[in-house]
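Given next are the chains, with one letter for each unit.
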Amino acid sequence: MQEDIKHAWEIYCERELEIVRPILFDLGFTLEDHQPHLGGERYLMQAITTTSGKKLILVGRGKDGQRVIIKTTEQTSGMREILHERICRDALKKMKFAYHVFFSPEEVLFTKKAGRMMFIQKFIEQDRTFLERTNAEQFSFLLKAFKAQEGARAATYEHLRFARKNFGSINAEGYLRSFNEFKNKITARTDDENLKKDLLRAQEFLVRENYTIEQYCRFLTHVDFVPHNIRIVGEKIYLLDNSALHFGNKYEGWARCVNFMALYNPPIERALIGYVRNNRTEEETLSLRLMRVYRLGEIIWYYVNTLSKSSGNLLTLNKARVLFWTQMLESVLDDKPLPAEVLENYKHTRDQLRTEDEKDRQKGLH
Amino acid sequence: MKIVIATPFYPPDTEPMALYAKKLAETLGKKHNVVVVAYVHFPEKTSGVRIFSVDKQWPLLVRLALYTATLFCVTRKSDILYAENGASVELPAALVTAVLSRPFFIHSGDKAAEARSSQKFFLGKIRRFAKRQAVREISDTPLDRPEILPFDLPSNGTKAEYDSSWDKHIKQLLENFEHAGRH
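In this report, we go over the structure that sits alongside the text. Keep in mind that what you see is a predicted model, and the values were worked out from it rather than measured.

1. Some thoughts on the overall build of chain A
Thought 1: Each helix and strand counted, chain A has 14 helices and ten strands in total.
Thought 2: If you line up chain A on its principal axes, its C-alpha atoms span 60 × 50 × 40 Å.
Thought 3: Going through the 366 residues of chain A one by one, you find that 57% of them count as buried.
Thought 4: With an accessible surface of roughly 16,400 Å², chain A has 50% of that area assigned to carbon and sulfur atoms.
Thought 5: Looking at charge distribution, chain A has the averaged site of its 57 positive side-chain charges lying 4 Å from that of its 51 negative ones.

Right, dumping it as structure tokens:
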């Protein structure tokens with residue numbers, strides 16, 4: 001199964017590259033030999049995130065030698081995502097609060113050729129990755145970014161209309177509905193009684209505290225605010241994926257970032273949680289925990305969904321991922337830190353089982 | 001003393017005025033009977049304080065009418081009306097004061113709202129009307145709460161400076177309230 005999906009992705013990439021390369025050449029762009037966003041586990045990500053359709057993310061150069069990122073797709077859903085991203089970019093520019101904080105890579109070209117949408121933006125060079133910065137720097141940039149997002153609240157009817165039209169919005173009812181879907185899909189595909197029990201506990205927690213979820217809704221939040229979606233140049237924060245902006249619970253973006261940091265840089269995870277605990281109300285600390293639970297339900301579903309499409313080492317790795325994020329869910333529900341040995345064991349397993357291709361894709365990503 | 005705080009913002013709003021209104025209600029609420037009337041969806045709980053909320057999702061005229069009616073009901077049973085500046089609060093507060101003749105104070109903490117009322121004719125009219133009804137305009141605003149930051153990052157001020165600015169502010173307000181109450 002895994003080999004079939006991988007093979008289909010490789011054929012798709014090859015065919016698309018053959019079509020797209022000459023079109024891009026005519027437009028004044030050449031593709032680099034090494035395309036990091038096509039390799040590794042990318043094929044699996046494409047197979048799972050069906051809502052956004054298949055889309056190639058390519059690295060190329062313009063006539064002036066300037067590096068560019070090219071997003072191209074011939075699928076309707078992929079085109080819809082690119083269009084949504086452009087709408088969000090424009091809407092963000094109209095919001096005064098974010099003007100001095102968030103920047104988007106300059107758009108070089110947006111066109112449709114041979115039935116394919118092509119969205120080309122300047123590549124943002126950075127002197128080091130986000131995780132290579134000091135903890136103090138990482139924390140400061142994240143806090144600045146979260147505060148800028150929180151500065152935008154769709155308080156009035158007019159604001160909410162603008163928010164819904166451009167970014168989309170979700171309220172407590174929407175979060176509960178989505179979590180219920182994650183839970184039902186996971187339950188249908190797993191025999192792990194422990195995981196089922198945890199999901200039920202998580203759902204009860206979210207339902208019980210749904211007032212607090214709603215209380216902090218109507219804020220702008222980037223739901224995938226993690227290092228590979230941002231680049232730092234001087235004091236500027238470049239958002240690489242504007243389509244992940246919507247109006248929802250203000251701690252949804254925090255939660256995604258805290259869950260990510262729990263794996264990649266635990267001192268930042270602790271610092272972000274500590275900041276909310278020390279400087280904000282008890283309700284806000286609770287809201288962060290609720291959103292972490294919600295996002296953990298989503299990531300567990302993501303990896304459970306990969307199991308039927310994986311085999312060999314990748315299947316073992318994805319099972320380890322499901323177990324790791326389930327243990328994380330338990331620790332958040334218990335409001336206790338994840339034991340250090342759980343994290344170390346998982347990282348060891350992951351590093352043993354990742355393919356060389358995937359290790360290469362991960363280089364410089366975060 | 002029974003004090004009504006009328007404000008356009010209240011947490012979970014993140015505007016400085018929202019944080020100010022909550023801290024003020026909390027502090028005064030320890031010794032006085034405090035009621036807050038705010039344009040807010042689901043306000044954060046504040047110990048010792050009753051909060052009446054009017055959702056901003058209503059169309060403008062409806063929310064203004066609801067806010068005015070709510071403010072009228074709670075001010076009728078109170079000694080002091082203390083309102084944040086901004087037309088959406090100044091107009092209801094001034095109307096209520098005109099009918100009930102309660103001591104009314106405006107706090108000019110929102111500089112952006114003040115700038116808007118000096119630029120726009122109609123907002124300026126509301127501001128002048130509210131000022132005429134008010135006993136006094138209070139312009140002093142205490143310091144923002146210093147943040148506790150990790151990794152030895154510098155904070156915005158010290159806790160001692162923050163506490164002292166609030167002590168001074170509350171003392172000044174209570175003196176004004178008591179003086180107005182006597183007259």
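2. A short note on the pairing of strand S9 (residues 236–239) of chain A
Residues and elements named next belong to chain A.
Thought 1: Pairing between strand S4 (residues 102–103) and S9: two bridges, direction parallel. Within the sheet, the bridge partner assigned to Phe103 lies in S9 and is Tyr238.
Thought 2: Judged from the four bridges that link them, strand S8 (residues 230–233) and S9 form a sheet pairing that is antiparallel. The residue bridging Val233 from the neighbouring strand is Lys236, located in S9.
Thought 3: Linkage of S8 to S9, two consecutive antiparallel strands, is achieved through a turn of two residues, within which Gly234 is found at a positive phi near 60 degrees.

3. What to know about the packing of aromatic side chains
Thought 1: The tally for this structure, following the rule as stated, stands at 25 aromatic pairs over all chains.
Thought 2: Consider the rings of A:Phe182 and A:Tyr294, whose centres lie 5.7 Å apart with planes at 50 degrees: the pair is tilted. Separated by 112 residues along the polypeptide, A:Phe182 in helix H6 (residues 172–189) and A:Tyr294 in helix H11 (residues 282–307) bring together distant segments of the chain. Note on accessibility: A:Phe182 and A:Tyr294 belong to one class, buried.
Thought 3: Through successive ring pairs, a cluster of aromatic residues spans A:Phe102, A:Phe139, A:Phe146, A:Tyr216, A:Phe225, A:Tyr251, A:Trp254, A:Tyr275 and B:Phe151.
Thought 4: Positioned over the ring face of A:Phe103 is A:Lys236, at 4.9 Å from the centre of the ring.
Thought 5: Above the ring of A:Phe219, the side-chain terminus of A:Lys250 is found at 5.0 Å from the ring centroid.

4. Regarding the interface of chain A and chain B
A common way to express how large an interface is: the accessible area buried when the components associate.
Thought 1: Residue-level contacts link 31 residues of chain A with 21 residues of chain B.
Thought 2: In total, chain A and chain B occlude about 2,100 Å² of area from one another, counting both sides; carbon and sulfur atoms represent 54% of this.
Thought 3: The salt bridge partner of B:Glu147 is A:Lys147, with a shortest N-O separation of 2.8 Å.
Thought 4: The interface formed by chain A and chain B contains 13 residue pairs in polar contact (both at pLDDT 80 or more).
Thought 5: Of the residues contributing to the side of chain A that touches chain B, the split by class is 14 nonpolar, eight polar and nine charged.

5. Let's talk about the pairing of strand S10 (residues 245–248) of chain A
Residue and element names in this part refer to chain A.
Thought 1: Residues Leu245 and Phe247 line one face of S10 and the alternating positions His246 and Gly248 line the opposite face, and both faces are buried.
Thought 2: Direction of pairing for strand S7 (residues 219–222) relative to S10: antiparallel, over a ladder of four bridges. What sits directly across from Leu220, in S10, is Phe247.

Reading the values: rules and limits
- Residues numbered from 1 in each chain as written.
- Chains lettered and ligands numbered in written order.
- Predicted model: local features only at pLDDT ≥ 70, side-chain atom pairs only at ≥ 80, totals over all residues.
- Heavy atoms only, no water.
- Helix = DSSP H or I, 4+ residues; strand = E, 2+ residues; numbered from the N terminus.
- Buried < 20%, exposed > 50% of the residue type's maximum accessible area, 1.4 Å probe, protein only.
- Areas by Shrake-Rupley, 256 points an atom, 1.4 Å probe, with all protein chains shown as cover.
- Lys, Arg positive; Asp, Glu negative; His and termini not counted.
- Charge placed at Lys NZ, Arg CZ, Asp CG, Glu CD.
- Pairing = 2+ DSSP bridges.
- Phe/Tyr/Trp six-rings, centres within 6.5 Å; stacked < 30°, edge-to-face > 60°.
- Lys NZ or Arg CZ within 6 Å of the ring centre and 35° of its normal.
- Contact = heavy atoms within 4.5 Å.
- Buried area = accessible area lost by both parts, 1.4 Å probe.
- Salt bridge = Lys/Arg side-chain N within 4 Å of Asp/Glu carboxyl O.
- Polar contact = N/O pair within 3.5 Å; in protein donor to acceptor, adjacent residues only side chain to side chain.
- Nonpolar A, V, L, I, M, F, W, Y, C, P; charged D, E, K, R; others polar.

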